[in-house]
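The residues making up each chain are set out below.
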Amino acid sequence: YIMWGIIVVVGLFTTNILINMEIKFSYFWVWVILIGLGWIYSIVSSRKKKSKMPRTLGQRLINTVWISVGIGMTLLGFVGPATGAYRGVFVSPILAVLVGIAFFISGFIYDLKWMKWLPLGWWIGAIIMFIYPGMHSFIIMGSLMIFFQIIPGIILYRKFKQEVEVKP
């Protein structure tokens, strides 16, 4: 949650700054590089973790949910606008809907009440971005990533670390 959140926030704010500064540059490449690095890190990290710890069914389900949503987001973020299926301004609200779905499922797998409520933030943000598309979507999506992905990721990471320290 943390790593992907940071990658996307960096991409959103970089794209926003470049557009506002009227720098003529293909923003597509910012995203290709960032998302490519994210996938490489995720694959390498996953392989290392597999060899270190046995995985529970819940962990495997969480990984499956996020890998499938991540692939879907990658396709929707790149292929949709590139083919003209929808304008780039609608990428953020579409992806916010998907992230909300992934958090909804994850909240039930983790059995964490607060996590089950996170999707509301994602979905409300998506509605706002659909109704009022524009440059401010970068800021809205970046805020959603910080408050509804990075911060929850930090909370989950700390909880995980505490549980690992307690076990013999």
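Before any of the text, the structure's been laid out above.
Note that the structure is predicted; figures quoted are calculated from it, not measured. (Residues numbered from 1 in each chain as written. Predicted model: local features only at pLDDT ≥ 70, side-chain atom pairs only at ≥ 80, totals over all residues. Heavy atoms only, no water.)

Caption draft 1: Geometry of the overall build of the chain. Scanning the chain from N- to C-terminus turns up 6 helices and 0 strands. Listing the helices and strands of the chain from first to last along the sequence gives α-α-α-α-α-α. Rg of the C-alpha trace for the chain: 17 Å, near the compact-globule value of 15 Å for 168 residues, within the 12% margin. Considering the chain as a whole, with its 168 residues, one finds that 34% of them fall into the buried category. Carbon and sulfur atoms provide 73% of the accessible area of the chain, an area that totals close to 10400 Å². Of the charged side chains in the chain, 15 are positive and 4 negative; the average position of the first set lies 8 Å away from that of the second. (Helix = DSSP H or I, 4+ residues; strand = E, 2+ residues; numbered from the N terminus. Rg over C-alpha atoms; globule rule 2.2 N^0.38 Å. Buried < 20%, exposed > 50% of the residue type's maximum accessible area, 1.4 Å probe, protein only. Areas by Shrake-Rupley, 256 points an atom, 1.4 Å probe, with all protein chains shown as cover. Lys, Arg positive; Asp, Glu negative; His and termini not counted. Charge placed at Lys NZ, Arg CZ, Asp CG, Glu CD.)

Caption draft 2: Spatial organisation of unusual backbone geometry. For Glu22, which is not glycine, the phi torsion reads 55° and is therefore positive. As for its position among the elements, Glu22 is in the loop between helix H1 (2-20) and helix H2 (27-52). A positive phi is found at Asp111, a non-glycine position, where the angle reads about 60°. Residue placement: Asp111 occurs in the loop between helix H4 (91-110) and helix H5 (113-131). With relative accessibility at 56%, the residue Asp111 sits in the exposed group.

Caption draft 3: View of the packing of aromatic side chains. Scanning the entire structure with this criterion turns up 10 aromatic pairs. Each ring, one from Tyr1 and one from Phe103, has its centre 5.3 Å from the other, and the planes form 25°; the classification is stacked. Taken together, the positions of Tyr1 in the segment before H1 and Phe103 in helix H4 put the pair 102 residues apart, joining distant regions of the chain. Since its relative accessible area comes to 23%, Tyr1 is described here as partly exposed. Taking the centre distance of 5.7 Å and the plane angle of 70° together, the rings of Trp4 and Trp39 count as edge-to-face. A residue pair is termed long-range when its members are at least 10 positions apart, and Trp4 in helix H1 and Trp39 in helix H2 qualify at 35 residues. With relative accessibility at 22%, the residue Trp4 sits in the partly exposed group. Pairwise contacts between aromatic rings join Tyr1, Trp66, Phe103 and Trp122 into one cluster. In this structure, Lys116 is placed above the aromatic ring of Phe108, and the distance from its NZ or CZ to the ring centre is 4.4 Å. (Phe/Tyr/Trp six-rings, centres within 6.5 Å; stacked < 30°, edge-to-face > 60°. Lys NZ or Arg CZ within 6 Å of the ring centre and 35° of its normal.)

Caption draft 4: Seen up close, the nonpolar core. Judged by nonpolar contacts, the single largest core of 32 residues is most densely connected at Leu12, Trp66, Ala96, Phe103, Trp122, Met141 and Met145. At the level of secondary structure, the elements contributing two or more residues to this core comprise H1, H2, helix H3 (57-83), H4, H5 and helix H6 (136-166). For this core, the leading source of residues is H4, giving 7 residues. Those residues in contact with Trp122, other than ones at most four positions away along the chain, are Ala96, Val99, Gly100, Phe103, Met141, Leu144, Met145, Phe148 and Gln149. (Core = buried A, V, L, I, M, F, W, Y, C linked by side-chain atoms within 4.5 Å. Contact = heavy atoms within 4.5 Å.)

Caption draft 5: Looking closely at H4. Relative to the 28 Å expected for 20 residues at 1.5 Å per residue, H4 spans 28 Å between its end C-alpha atoms, a close match to the ideal helical length. In the stretch just after H4, Asp111 is the one whose phi turns positive, near 60°. (Expected span 1.5 Å × (residues − 1).)

Caption draft 6: Structural context of a nonpolar patch on the surface. There is a patch of nonpolar side chains on the surface, built from Ile17, Met21, Ile23, Phe25, Phe28, Trp29, Ile33, Leu37, Ile40 and Val44 and spanning about 1000 Å² of accessible area. One can find Ile17 in helix H1. For Ile17, a relative accessible area of 47% corresponds to the partly exposed category. (Patch = residues over 30% accessible without salt bridge, like charges linked within 9 Å, V, L, I, M, F, W, Y side chains within 5 Å. Salt bridge = Lys/Arg side-chain N within 4 Å of Asp/Glu carboxyl O.)

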